[in-house]
Each structure stands twice: as C-alpha cells, then as structure tokens.
Amino acid sequence: MKVLVAVKRVVDYKVQIRVKSDNSGVETQNVKMSVNPPDENAIEEAVKLKEQGLVNETVAVTIGDDKSQDVLRTSMAMGIDRSILVKTSISLEPLAVAKTLAKIIEKENPDLVLLGKQAIDDDSNQTGQILSALLNWPQGCFISELKIEDKKLFISREIDEGIEKLETSIPAVLTCDLRLNTPRFASLPNIMKAKKKPLDVIEIDTLGIDIESKIKVLNVVEPPKREAGIMVNDVKELVQKLKYEAKVI
Ligand code: AMP
C-alpha cells in the first residue's frame, strides 16, 4: 500500500501575522514558515502506518515555489520516504491545488491520500473534499482515528453530536484533525538523513491543468483592536454591565 501526503508551507502558527501595507495580503517576507500543523498529523499517520507494516511507501507532495522544499525535507526528516515539489510561483486556491494533486495521483497511483483538514493561512477547508470529488474516491474529513484492516478503513471523526465512526474502502482521501496523533520531532540524525532522500521537482506548466484563480482577493485588513477589559466586583455588576452597557443580554 502506498500513501501520498499533501503538505503545505504556511506562516508558522506562532508568528504574529502582519497585513501588508498595501492591504493586498499577509506579509510572508522574512517570516518563519513551517509545515501546516494538521499536515504534520497527516505525515505522522503515514509514517506510523509504514512502521506498523501496513504501508510500504510514503510520498509527500507540496505545491509552491523553491522555498517549499524545506517542508518536504521536514516531512522526510519525520520519516516520509521521498517527496515531490510541484513548482509554481503563484499561490493557488483549493480547486487548483486539488487539480494538481489529482494529476500527481494519476502518476503515483497511491492507495490513500492524506491531507490536513485545513490550511491555517487561507482556512479554506476545501482541498480534500474537492480532490475526492475529482477522483471520485470516498472521503473521510477531520479524522481523529484511523484503523486499517483487510484493505478497509475504519475512521472516527468528531461531529457536533459526538464521534462518528465510518467504514470505507481504499483508495480514499482522508483529511486529518489535530487529535489524530502527536507528530514526532525530527531528530538531528534524521534531518541529516532527509537531505539524501529523493526530492523530485515537477514544473506545474507541464501538468496541463487550468490553475487560474476563480476568486480575487479584494482587500485584507487586520481585525479591529480589542479594547481593554474591566474587572467587575460581582455577578450583579456583570449582569448590569452586559444588559445596560454592552446591551448583549
Ligand atoms: P485548505 O483546503 O486550503 O484549507 O487546505 C487543506 C489541505 O490541503 C492542507 O492541510 C494540505 O494538506 C493541502 N494543501 C493545501 N494547499 C496545498 C499546497 N499548496 N501544497 C500541498 N498541499 C496543500
């Protein structure tokens, strides 16, 4: 069984986001970039499946510019066998990412595709779902548990009413929740070993797909600054303030 993991390079979750002075987007110059957090869970799950002997090959794919090689090296330092950079200087929206991944899947023929449930930069939460529709494969979204038995997938996913349990077959597209596992740290020896693992580069233009944006970002602004809070002496005062000053109850 072969697993393909989609990994996105995003502004590190600990960085205080700054909006560009022309309001065209978020500043990414001279900012720490990292693997999108739920994608680390996808990597961890793929590596665990290989360690359990259920999978024999793990491949990471990212779509981005040359700098995105760093997230692939991190993925390989965590245990992924090899990786593919689909090179583009344009930041793609989920439909274009899914179309690109579908092309790579056509070439690589994996049994399972793992993605993060959501990219923390665009918060789209769409790529896995679109990909499963393009491939006409079953999908499991926001999975927090995965078991594989006799080529059947048993998935748990958190929903409003509790934990939903699903069964499906391979090939499938799964998007990973942060509860799925605890991603391992890449050790120094593994970081060194990852430098020698194969990393193929494919120019996006060679895939013959339409990646033109269907959505135009008009303006990006920072959220209004929160006003300082106040301390109240008791519940009565709190209720008064909520009722007559904030007028929320
Ligand atoms: P989104 O639909 O943008 O919230 O992204 C969901 C997931 O799709 C991410 O967690 C990644 O696994 C994958 N993904 C999104 N953009 C990319 C990209 N440029 N390269 C590789 N994977 C991506």
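Only a predicted model underlies this, so the values are computations on that prediction, with no experimental measurement involved.

**Here's the deal with the side chain of Glu-45**
Tracing the backbone through its elements, the reader meets Glu-45 in helix H1 (residues 37–51). Among the residues examined, Glu-45 registers a relative accessible area of 5% and is labelled buried. In terms of polar contacts, Glu-45 uses its side chain to reach the side chain of Asn-181, at 2.8 Å. Residues contacting Glu-45, with those up to four places away along its chain left out, are Leu-114, Leu-146, Leu-180 and Asn-181.

**Re a nonpolar patch on the surface**
On the surface, a cluster of nonpolar side chains totalling about 380 Å² of accessible area is made up of Val-235, Val-239, Val-248 and Ile-249. By the secondary structure assignment, Val-239 is in helix H6 (residues 235–245).

**Looking at the site of the ligand**
Close to the ligand lie 18 residues; Ala-6, Asp-39, Ala-119, Asn-125 and Thr-127 are nearest. Asp-39 places a side-chain nitrogen or oxygen 2.5 Å from an oxygen atom of the ligand. In the model, a nitrogen atom of the ligand is placed 2.9 Å from a nitrogen or oxygen of the Ile-63 main chain. Coverage of the ligand by the protein amounts to 97% of the 490 Å² it exposes when considered alone. Among the secondary structure elements, those contributing two or more residues to the shell around the ligand are strand S4 (57–64) and strand S6 (112–116). A per-element tally of the shell around the ligand places S4 first, with 3 residues. Grouping the amino acids of the shell around the ligand by side-chain chemistry returns 7 nonpolar, 8 polar and 3 charged.

**Focus: unusual backbone geometry**
Going from Ile-170 to Pro-171, the amide bond is cis rather than trans, its omega being 5°. By the element assignment, Pro-171 lies in the loop between strand S9 (162–169) and strand S10 (172–176). Notably, Phe-142 is not glycine yet its phi reads approximately 55°, a positive angle. By relative accessible area, which is 23% here, Phe-142 ends up partly exposed.

**Considering the pattern of salt bridges**
Scanning the entire structure with this criterion turns up 24 salt bridges. Put simply, Arg-184 and Glu-51 hold a salt bridge, and the shortest N to O gap is 2.7 Å. On the criterion of sequence distance, the pair formed by Arg-184 in the loop between S10 and helix H5 (188–194) and Glu-51 in helix H1 is long-range, its members being 133 residues apart. The partly exposed category is assigned to Arg-184, whose relative accessible area is 27%. Take Glu-51: its relative accessible area is 55%, and that puts it in the exposed class. Through salt bridges with shared partners, a single ionic network connects Lys-2, Glu-57, Arg-82 and Glu-108.

**So, the side chain of Arg-157**
Within the secondary structure, Arg-157 sits in strand S8 (residues 152–159). At a separation of 2.6 Å, a polar atom in the side chain of Arg-157 contacts the side chain of Glu-164. Beyond its immediate stretch of four places on either side in the chain, Arg-157 contacts Cys-141, Phe-142, Ile-143, Ser-144, Gly-162, Ile-163, Glu-164 and Leu-166.

**Overview of the sheet that holds S8**
Strand pairing in a sheet relies on backbone hydrogen bonds. The paired strands run either parallel or antiparallel. If you walk across this open sheet you meet the 9 strands as S9-S8-S7-S10-S6-S1-S4-S5-S11, and the pairing is mixed. For this open sheet the edge positions go to S9 and strand S11 (199–203), each flanked by a neighbour on one side alone. Neighbour-to-neighbour, the strand axes of this sheet turn through a mean angle of 30°, independent of strand direction. Sheet analysis places strand S1 (residues 2–6) next to S6, joined by 3 bridges and oriented parallel. The partner of Val-3 across the bridge, within S6, is Leu-112. The strands touched by H1 within the sheet are S1, S4, S6, strand S7 (139–149) and S10, with S6 carrying the most contacts at an inclination of about 150°. Its contacts with the sheet place helix H3 (residues 94–108) against S1, S4, strand S5 (82–87), S6 and S11, and it is angled at close to 145° to S4.

Cut-offs and rules
Residues numbered from 1 in each chain as written. Predicted model: local features only at pLDDT ≥ 70, side-chain atom pairs only at ≥ 80, totals over all residues. Heavy atoms only, no water. Helix = DSSP H or I, 4+ residues; strand = E, 2+ residues; numbered from the N terminus. Buried < 20%, exposed > 50% of the residue type's maximum accessible area, 1.4 Å probe, protein only. Polar contact = N/O pair within 3.5 Å; in protein donor to acceptor, adjacent residues only side chain to side chain. Contact = heavy atoms within 4.5 Å. Patch = residues over 30% accessible without salt bridge, like charges linked within 9 Å, V, L, I, M, F, W, Y side chains within 5 Å. Areas by Shrake-Rupley, 256 points an atom, 1.4 Å probe, with all protein chains shown as cover. Salt bridge = Lys/Arg side-chain N within 4 Å of Asp/Glu carboxyl O. Near = heavy atom within 4 Å. Nonpolar A, V, L, I, M, F, W, Y, C, P; charged D, E, K, R; others polar. Pairing = 2+ DSSP bridges. Axes fitted to C-alpha atoms, helices over the stretch in contact; angles between N-to-C directions.

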